[in-house]
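Geometric and topological summary
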Amino acid sequence: MATAQIKKLTSPADLEKYRKKITAGRKADQLTITCCGGTGCRASGAEAVMDAFDNAVKGLDGKVQILKTGCHGFCERGPLVGISPAHTFYQHVKAKDVPEIIESVQSGKIITRLLYVDPATKAKIEKEGDIPFYARQNRLIFGNNGFIDPNSIEDYLAIGGYGALGKALKMTPDAIIGEVKKSLLRGRGGAGFPTGTKWESTRRAHGDIKYVIANCDEGDPGAFANRSLMEGNPHSILEGMVIGAFAIGATEGYIYVRNEYPLAVRNCQIAIDQMREMGFLGKNILGSGFDFDLDIY
């Protein structure tokens, strides 16, 4: 979903008012075709599929909406396409399938040849949530990837984005650290280091200048979780960095990522630019008196 004219927000109350305006203009039953635009699906031809959908809906007067998202997981089945609000899941979609999908969305019919086939039961599965790959997961990190355009800050706001930041800016840094400690949140590396302890020790460390660094580079072979999150939901990383910076007393932040992740870098930079324009980065964030900015390396 394209972002409309961005408004500078000057307080948490201003943020919530703007969020209500965004959500009020969205229909829960809007016919939406969701295209996975993550690197995995792009490697299988998703860009051609997305272009075909863009051309196919031009004459439909907004009756059908195209949502280009980040990674949905299940990359081996890409390009992936979802139909909402029915939650129909199509796999291995090609550009030549697009006219038939558009017709089926309007008629309510299912294209059975594009459905996932369970290798054990040989049953064709229509709903994404019924596919074993998804049904056995509690998708916390990538759970919102399929519902937002990573280049739209308004999509992120519509699902509650920056609400945690608005809440944190009304707390004391020690109170934030206390909440993080109570949550038992840990690092996802081998050490599993407690996040609250890390934030607390950094806040208490000597020195006036402190930094927040997001290590989005992945050294483990076959690991692409950081890339997929940066591609599909960059604002979730950035919001966490601002909260962390406020808690530890930092005014500068850096995202470290390899140059081989061009889509992740592009989407993250777009998100940073939107944050600055909207008042989530820079001077006096949301009228709190707190200054913080960050860059990508």
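The text that follows walks through the structure, step by step, so that each part is easy to find. Source: prediction; values computed, not measured. (Residues numbered from 1 in each chain as written. Predicted model: local features only at pLDDT ≥ 70, side-chain atom pairs only at ≥ 80, totals over all residues. Heavy atoms only, no water.)

Thoughts on the sheet that holds strand β8 (residues 252-256)
- Across the sheet, which stays open at both edges, the three strands sit in the order β7-β8-β9 with parallel pairing between neighbours. Two strands bound the open sheet, and with one partner strand each, they are β7 (211-215) and β9 (293-296). The sheet shows a mean angle of 20° between the axes of neighbouring strands, taken without regard to direction.
- Note: β7 against β8, five bridges, orientation parallel. (Pairing = 2+ DSSP bridges. Helix = DSSP H or I, 4+ residues; strand = E, 2+ residues; numbered from the N terminus. Axes fitted to C-alpha atoms, helices over the stretch in contact; angles between N-to-C directions.)

Observations regarding the packing of aromatic side chains
- Enumeration according to the criterion identifies twelve aromatic pairs in this entry.
- Ring geometry for Phe-133 versus Tyr-134: centroids 5.1 Å apart, planes at 85°, classification edge-to-face.
- For the pair Tyr-162 and Phe-280, a centre-to-centre distance of 4.0 Å together with 10° between the ring planes defines the contact as stacked. Remark: Phe-280 occurs in the loop between α12 (262-278) and β9 and Tyr-162 occurs in the loop between α6 (153-158) and α7 (163-168); sequence separation between them is 118 residues.
- Look at Tyr-162 and you get buried, because its relative accessible area is 0%.
- For Phe-280, a relative accessible area of 0% puts it in the buried group.
- Against the face of Tyr-261 rests Arg-227, its NZ or CZ located 5.9 Å from the ring centre. (Phe/Tyr/Trp six-rings, centres within 6.5 Å; stacked < 30°, edge-to-face > 60°. Buried < 20%, exposed > 50% of the residue type's maximum accessible area, 1.4 Å probe, protein only. Lys NZ or Arg CZ within 6 Å of the ring centre and 35° of its normal.)

Considerations on the pattern of salt bridges
- As enumerated under the stated definition, the model contains 18 salt bridges in all.
- The closest approach of N and O atoms between Arg-26 and Asp-155, which form a salt bridge, is 2.9 Å. Taken as a pair, Arg-26 in the loop between α1 (12-24) and β1 (31-36) and Asp-155 in helix α6 lie far apart in primary sequence, 129 residues in all.
- Close ionic contact of Lys-283 with Asp-291 constitutes a salt bridge, the shortest N to O distance being 3.9 Å.
- Residue classification places Lys-283 among the exposed positions, given a relative accessible area of 68%.
- One salt-bridge network, in which partners are shared between bridges, spans Asp-273, Arg-276, Asp-293 and Asp-295. (Salt bridge = Lys/Arg side-chain N within 4 Å of Asp/Glu carboxyl O.)

Description of the packing of helix α9 (residues 195-204) against helix α11 (residues 234-248)
- α11 packs onto α9 with a crossing angle of 45° between their chain directions and a minimal axis gap of 8 Å. Classified by the angle their axes make, α9 and α11 are oblique. Here α9 contributes Trp-199, Thr-202 and Arg-203 to the contact with α11, which in turn contributes Ile-243, Gly-244, Phe-246, Ala-247 and Ile-248.
- Residue composition of the contact of α9 with α11, by class: five nonpolar, two polar and one charged. (Parallel < 35°, antiparallel > 145°, perpendicular 65-115°, else oblique. Contact = heavy atoms within 4.5 Å. Nonpolar A, V, L, I, M, F, W, Y, C, P; charged D, E, K, R; others polar.)

Description of the sheet that holds strand β2 (residues 64-69)
- Read across the sheet, four strands follow the order β2-β1-β3-β4 without closing on themselves; strand pairing throughout is mixed. The open sheet has two edge strands, β2 and β4 (88-90), and neither has a second partner. The sheet shows a mean angle of 20° between the axes of neighbouring strands, direction not considered.
- In this fold helix α4 (residues 98-107) packs onto β1, β2, β3 (81-84) and β4, with an angle of close to 145° to the strand it touches most, β1.

Description of the nonpolar core
- Counting residues in hydrophobic clusters, the biggest one holds 48 residues, and the most contacted among them are Tyr-162, Leu-238, Ile-255, Phe-280 and Phe-292.
- Tallying contributions element by element places α11 first for this core, with nine residues.
- Beyond its immediate stretch of four places on either side in the chain, Phe-292 contacts Val-212, Met-241, Val-242, Ala-245, Ala-250, Thr-251, Glu-252, Gly-253, Leu-281, Gly-282 and Ile-285.
- Membership of the second largest hydrophobic core comes to 21 residues, among which are Cys-35, Val-81, Val-98 and Ile-101. (Core = buried A, V, L, I, M, F, W, Y, C linked by side-chain atoms within 4.5 Å.)

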